Amino acid sequence: EMTKAEESSKVKLQKVEDDSRRIQLKLELMVKQISTEFDSSRKDWAKVKQELTDETIKLSDKVADLEEANGNLESELEAVKTTYTQGGKTSEQQLAQLYEANREKEMLKHKVTNLEKIQLELKEAREQIFKYNLEARKLRNEIQDLKGTVRVVARVRPSKDEDNGNDTEEEEETLECGVDDKSLRLSVENVSSAGNTIRSHEFSFNHVFGPESTQNEVFDEVSTFVQSALDGFNVCLFSYGQTGSGKTYTMTGDHYSSTHKGIIPRSISHIMQYKETLESQGWEFTLQATFLEIYNESIRDLLTDPAKAKGLKHEIRDSKTEIIVTGLRRETVVATEDVHHLLVQAESNRSVAATDSNLHSSRSHSVFTLFIDGVHRQKKTNIMGSLSMCDLAGSERISKSGVKGERRNSKLTQLVRPCFAGEGKVLMIVNLSSDQDDAPESLCSLRFASHVNQTEVGRAKKNISQMPSKRSSSVTSRGGEPTRARKTSRSK
């Protein structure tokens, strides 16, 4: 029987847990309310913006018409003056024409004055639009900060039997996703001399995607992180999990399929759309991409022909202001289609080594990075952001994969450190297999993801500065020059 002290402790513990749940619910409600208010403000702003755009077009047409009319009147006036001079004397008709021309000219001056006033008001309205957009972007990033600058989502891939079309209804589920889309339970079979037992482990993350989840649903969850790169932040998305858990499908997928394309091609399309919106407000952007592979702690450029890259070594250098990778080829990205060509080229160059887990599994980390430079000449402002999307090697232990001699993470950690050092935003996608045979590895992945989910890196900082910017381009089209990943920021 429990002592009074134990009962009292149990009551206090229950009270603490109840208080914790109430606080968590209150925080989630606050985030939901802020998101709702932001969405409402964004819709109102879109309507106001469209009205201002329509009015601008109308005013521009009026200006053109008035300028044309002014030119015609001045021509007529000169013609009347010429006729008057050549005649050597006045006539009632000539005087009437001259009077009418002067009257219309005065009316036109009055209209031009009113037009200049309207243009001034329009300029002030554009200033307000610019300020409103800055506030909207700030609010969106503050909402992200409330959710955490390091976020973790889990994705469960269908079982191999389901992929093959086999019936699995009678088998006990290894991974069960909660109805709240934030929790899951993993059942692991423990084998011992005393008999086999099933032990359940529960985890919770920012979001959990079940086996039936689509590529579009996953991207909707990460799209605001992607958008932050155009706002001047260093952003890193990485896919983690054992071989065969769906990492590459999640990150790349079939980039020619509207349904099955992964995060990388969807991110480029999203950034291109958002870029067009910002360019209509006076911003100019330059996008450049690199794609590298880290295999056995050796860096390879996936955008360079291997035959031309023989003997070329890439090094990571840490300067006071940025992370530098020497010799990488950097490609300018103008349209979404450019990324398709880069992905095809990278896939053909990427190292693939046989393992006992998956003969076709890549045993390397691949990192696609998009560097974003933005300039607003009227405001004399520069912003610099980066988006790194990593497809990591299989996380399984050596005893299962059969791969020896691998050293992981040191080069990768150096490369993406600007995002983890309290200056950027990080989102981890832990990919999980729902097969019972993979349950031990799934448990390892979930425990690591849970640890990452509790990481605090501080508030993300925006890379923004006043022009002129002396930042130089770091890679030529043929390689041999350093490529840079932003490390520090100039202001919040």
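Criteria and thresholds
- Residues numbered from 1 in each chain as written.
- Predicted model: local features only at pLDDT ≥ 70, side-chain atom pairs only at ≥ 80, totals over all residues.
- Heavy atoms only, no water.
- Helix = DSSP H or I, 4+ residues; strand = E, 2+ residues; numbered from the N terminus.
- Buried < 20%, exposed > 50% of the residue type's maximum accessible area, 1.4 Å probe, protein only.
- Contact = heavy atoms within 4.5 Å.
- Areas by Shrake-Rupley, 256 points an atom, 1.4 Å probe, with all protein chains shown as cover.
- Expected span 1.5 Å × (residues − 1).
- Core = buried A, V, L, I, M, F, W, Y, C linked by side-chain atoms within 4.5 Å.
- Pairing = 2+ DSSP bridges.
- Axes fitted to C-alpha atoms, helices over the stretch in contact; angles between N-to-C directions.
- Parallel < 35°, antiparallel > 145°, perpendicular 65-115°, else oblique.
- Left-handed = near helix turned anticlockwise from the far one by under 90°.

Undergrad: Help me out: how do you make sense of the overall build of the chain in this one?
TA: Looking only at helices and strands, the chain has ten helices and 16 strands in total. Going through the 492 residues of the chain one by one, you find that 44% of them count as buried. At a minimum sequence separation of 6, the contacts of the chain that also span at least 24 residues come to 75%. Looking at the chain as shown, the accessible area adds up to about 27700 Å², and 50% of this sits on carbon and sulfur atoms.

Undergrad: When you look at the environment of Ser-442 in this model, what are you seeing that I'm missing?
TA: Locating Ser-442 in the fold gives a position in helix α10 (residues 439-453). Since its relative accessible area comes to 1%, Ser-442 is described here as buried. Sequence spacing of Ser-442 and Thr-174 is 268 residues, and the spatial spacing of their C-alpha atoms is 9.8 Å. Those residues within four positions of Ser-442 in sequence are excluded, and the remaining contacts are Leu-186, Gln-242, Leu-432 and Ser-433.

Undergrad: Looking at this model, I keep getting lost on the environment of Asn-463. Mind explaining?
TA: Relative to the elements of secondary structure, Asn-463 occurs in the loop between α10 and β15 (464-466). With a relative accessible area of 2%, Asn-463 lands in the buried category. Through-space distance from the C-alpha of Asn-463 to that of Gly-385 is 6.6 Å; in sequence the pair is 78 residues apart.

Undergrad: When you look at helix α4 (residues 215-228) in this model, what are you seeing that I'm missing?
TA: The periodicity of an α-helix, 3.6 residues per turn, causes residues three or four places apart in sequence to face the same way. Over its 14 residues, α4 extends 20 Å from the first C-alpha to the last, a length consistent with the 20 Å expected when each residue adds 1.5 Å. Across the 14 residues of α4, ten count as buried, placing the element largely inside the fold. Those residues of α4 that sit buried are Gln-215, Val-218, Phe-219, Glu-221, Val-222, Ser-223, Phe-225, Val-226, Gln-227 and Ser-228.

Undergrad: Looking at this structure, I do not really get unusual backbone geometry. What am I missing?
TA: Peptide bonds are, in most cases, trans, and in most cases residues other than glycine have a negative phi. If you check the backbone angles, Asp-181 has positive phi at about 60° while not being a glycine. Examined against the element boundaries, Asp-181 turns out to sit in the loop between β2 (175-177) and β3 (183-190). Although it is not a glycine, Asn-296 sits at a positive phi angle of roughly 55°. Tracing the chain through its elements places Asn-296 in the loop between β7 (283-295) and β8 (298-301).

Undergrad: Looking at this structure, I do not really get the nonpolar core. What am I missing?
TA: Generally speaking, a soluble globular protein has its nonpolar side chains buried in company with each other. By size, the foremost hydrophobic cluster in this structure holds 40 residues, and its most contacted members are Leu-237, Val-333, Phe-368, Leu-370 and Leu-387. Elements supplying a minimum of two residues to this core: α4, β6 (234-240), α6 (263-279), β7, α7 (336-349), β12 (365-376), β13 (381-391) and β14 (424-433). For this core, the element with the most residues is α6, which contributes seven residues. Residues within four places of Leu-387 in sequence aside, it is in contact with Val-226, Ala-229, Val-235, Leu-237, Ser-267, Ile-271, Phe-368, Thr-369 and Leu-370.

Undergrad: It is not clear to me how the pairing of strand β1 (residues 150-157) should be interpreted in this structure. Could you clarify?
TA: Every regular strand shows the same layout, with side chains that alternate between the two sheet faces. A large share of β1 lies buried, amounting to seven of its eight residues. Two strands pair when backbone bridges link them, and β1 and β14 are joined in this way by eight bridges, in the parallel orientation. Residue pairing across strands places Arg-157 opposite Ser-433, the latter belonging to β14. Where β1 meets strand β5 (residues 207-209), three bridges bridge the pair, whose relative direction is parallel. Along β5, the bridge assignment pairs Val-153 with His-207.

Undergrad: Can you help me understand the packing of α4 against α6 in this one?
TA: Any two packed helices are characterised by how steeply their axes cross, that is the angle between the axes, and by the distance between the axes. Look at α4 against α6: their axes get within 10 Å of each other, and the N-to-C directions meet at 50°. Accordingly, the angle class assigned to the pair α4 and α6 is oblique. The two elements α4 and α6 meet at a crossing, and its hand is right-handed. Here Gln-215, Asn-216, Val-218, Phe-219, Val-222, Ser-223, Val-226 and Gln-227 of α4 lie close against α6, whose contacting residues are Ile-263, Arg-266, Ser-267, His-270, Ile-271 and Tyr-274.

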